[in-house]
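Residue-level structural notes
Below, each chain spelled out in residue letters.
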Amino acid sequence: MLRLENCLIENGGFALHADLEIAPGSRIAVIGPSGAGKSTLIEALAGFRALSEGAIRWRDYDLTPIEPGKRPIAMLFQDGNLFPHLTVAQNVGLGIHPNLRLDNAQQANVQAALARVGLDGMGDRKPAALSGGQQSRVALARVLVQGRDLLLLDEPFAALGPALKAEMLDLVAELVAESGATLLMVSHDPSDARRIADQVVLVAEGEADPPMDTATLLDNPPPALKAYLG
């Protein structure tokens, strides 16, 4: 169980409160108006933003004092965060060890991850030689090799066209189903939530609400979400 226990997350003059539980293996979309604090919530879970109050717990562990790299969390950012001077395989290998000194088993893990995301045989290419969709797959493969329990997505496919974005969302859904990971995905598009998420965490008016069934919430949105969706 992922628990946010009476958490207060502050960002300058902005404050977000969260007191909720997320079951292991859930697929959660984090949605809400622009500027409501969706990315702030994800950053706090990842450890990139400290809590002013409360605690974040995963199973029997208190994650609150643990630095980002040691949390059971992998995060996929909006830009993919690929290094242009490294090959595709090296970019993925960073998910295993930052010095890229990988043994044979770890190198095989990189190649298997590339094959799983549809990039078999492309490990020696540089990111600039790939399409936008292929670059997204590299970033996803780097997350895959980390083997973490929690996967956080901060709109990593927002720049892709509708068909390619849907393809990537379907791939993410397959990967989390295979691994059993718990997924939290920030999105401004309700169609993304309907496609991939079983539940939605609504972030609005300074609150991150407990998860609700996706269709139930989006079919009858509260005023703050309805105003945003139009």
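Residues numbered from 1 in each chain as written. Predicted model: local features only at pLDDT ≥ 70, side-chain atom pairs only at ≥ 80, totals over all residues. Heavy atoms only, no water.

Looking only at helices and strands, the protein chain has eight helices and eleven strands in total. By its C-alpha atoms, the protein chain is 50 × 40 × 30 Å across when sized along the principal axes. The contacts of the protein chain with a sequence gap of at least 6 include a subset with a gap of at least 24, amounting to 67%. Counting only carbon and sulfur atoms, one obtains 49% of the accessible surface of the protein chain, whose full area is about 10,700 Å². Across the protein chain, the mean location of the 19 positive side-chain charges is 6 Å away from that of the 28 negative side-chain charges. (Helix = DSSP H or I, 4+ residues; strand = E, 2+ residues; numbered from the N terminus. Contact = heavy atoms within 4.5 Å. Areas by Shrake-Rupley, 256 points an atom, 1.4 Å probe, with all protein chains shown as cover. Lys, Arg positive; Asp, Glu negative; His and termini not counted. Charge placed at Lys NZ, Arg CZ, Asp CG, Glu CD.)

Using a probe with the size of a water molecule, rolled over the atoms, empty space left in the structure can be pinpointed. Approximately 480 Å³ is the volume found for the largest pocket. Surrounding the largest pocket, 20 residues form its lining, Met-75, Phe-77, Leu-94, Arg-142 and Gln-146 being those nearest its centre. Elements supplying a minimum of two residues to the lining of the largest pocket: β6 (73-76) and α4 (132-146). Residue composition of the lining of the largest pocket, by class: 13 nonpolar, five polar and two charged. (1 Å grid on protein atoms, 1.4 Å probe; cavity = no way out; pocket = protein on both sides within 12 Å on 5 of 7 lines; lining within 4 Å. Points joined across faces, edges and corners; volume = space filled by probe spheres on them. Nonpolar A, V, L, I, M, F, W, Y, C, P; charged D, E, K, R; others polar.)

So, about empty space enclosed by the protein. Within the structure shown, the criterion is met by two cavities of 30 Å³ or more. Quantified by volume, the largest cavity comes out at close to 70 Å³. The wall of the largest cavity is formed by Glu-155, Pro-156, Phe-157, Ala-158, Lys-165, Leu-169, Met-185, Val-186, Ser-187, His-188 and Asp-192. If you list the elements that add at least two residues to the lining of the largest cavity, you get α5 (162-179) and β8 (182-186). When grouped by side-chain class, the residues that make up the lining of the largest cavity number six nonpolar, two polar and three charged. In this structure, the second largest cavity occupies an estimated 30 Å³ of space.

For Val-92, the location among the structural elements is in helix α2 (residues 88-93). Assessed through its relative accessible area of 0%, Val-92 is described here as buried. Taking the C-alpha atoms as reference points, Val-92 and Leu-144, separated by 52 residues in sequence, lie 8.8 Å from one another. What Val-92 contacts, discounting residues up to four positions off in sequence, is Val-110, Leu-114, Val-138, Ala-141, Arg-142 and Val-145. (Buried < 20%, exposed > 50% of the residue type's maximum accessible area, 1.4 Å probe, protein only.)

Throughout the structure, instances matching the rule amount to 13 salt bridges. One salt bridge in this structure joins Glu-5 and Arg-57, with 2.8 Å as the shortest N-O distance. Of the two residues, Glu-5 is situated in strand β1 (residues 2-11) and Arg-57 in strand β4 (residues 51-58); the sequence distance between them amounts to 52 residues. On the basis of relative accessible area, Glu-5 is assigned to the partly exposed category, the value being 28%. Arg-57 is the partner of Asp-62 in a salt bridge, and the nearest nitrogen-oxygen pair spans 3.9 Å. (Salt bridge = Lys/Arg side-chain N within 4 Å of Asp/Glu carboxyl O.)

Let's shift gears to the packing of helix α3 (residues 104-116) against α4. Closest axis-to-axis distance for the α3/α4 pair is 9 Å, and the angle between their directions is 130 degrees. Here α3 lies oblique to α4, going by the angle between them. Here the hand of the crossing between α3 and α4 comes out right-handed. Between α3, through Asn-109, Val-110, Ala-113, Leu-114 and Arg-116, and α4, the contact on the second element is made entirely by Ala-141, Leu-144 and Val-145. Residue composition of the contact of α3 with α4, grouped by class: six nonpolar, one polar and one charged. (Axes fitted to C-alpha atoms, helices over the stretch in contact; angles between N-to-C directions. Parallel < 35°, antiparallel > 145°, perpendicular 65-115°, else oblique. Left-handed = near helix turned anticlockwise from the far one by under 90°.)

With 15 residues, α4 ought to run about 21 Å at 1.5 Å a step, and its terminal C-alpha atoms sit 22 Å apart, in line with that. Of all the residues in α4, the buried ones are Gly-133, Ser-136, Arg-137, Val-138, Ala-139, Leu-140, Ala-141, Arg-142, Val-143 and Val-145. Its buried side turned inward, α4 meets β6, α2, α3, β7 (150-154) and α5. Positive phi shows up at Gly-147, right after α4, with a value of about 60 degrees. (Expected span 1.5 Å × (residues − 1).)

The pairing of β1 with β4 spans six bridges and is antiparallel. Within β4, the residue paired with Arg-3 across the bridge is Arg-57. Sheet analysis places β4 next to strand β5 (residues 61-62), joined by two bridges and oriented antiparallel. Looking at β5, one finds that Arg-57 is bridged to Asp-62. From the end of β4 to the start of β5, which pair antiparallel, there are two residues, and Arg-59 there has a positive phi angle of about 55 degrees. (Pairing = 2+ DSSP bridges.)

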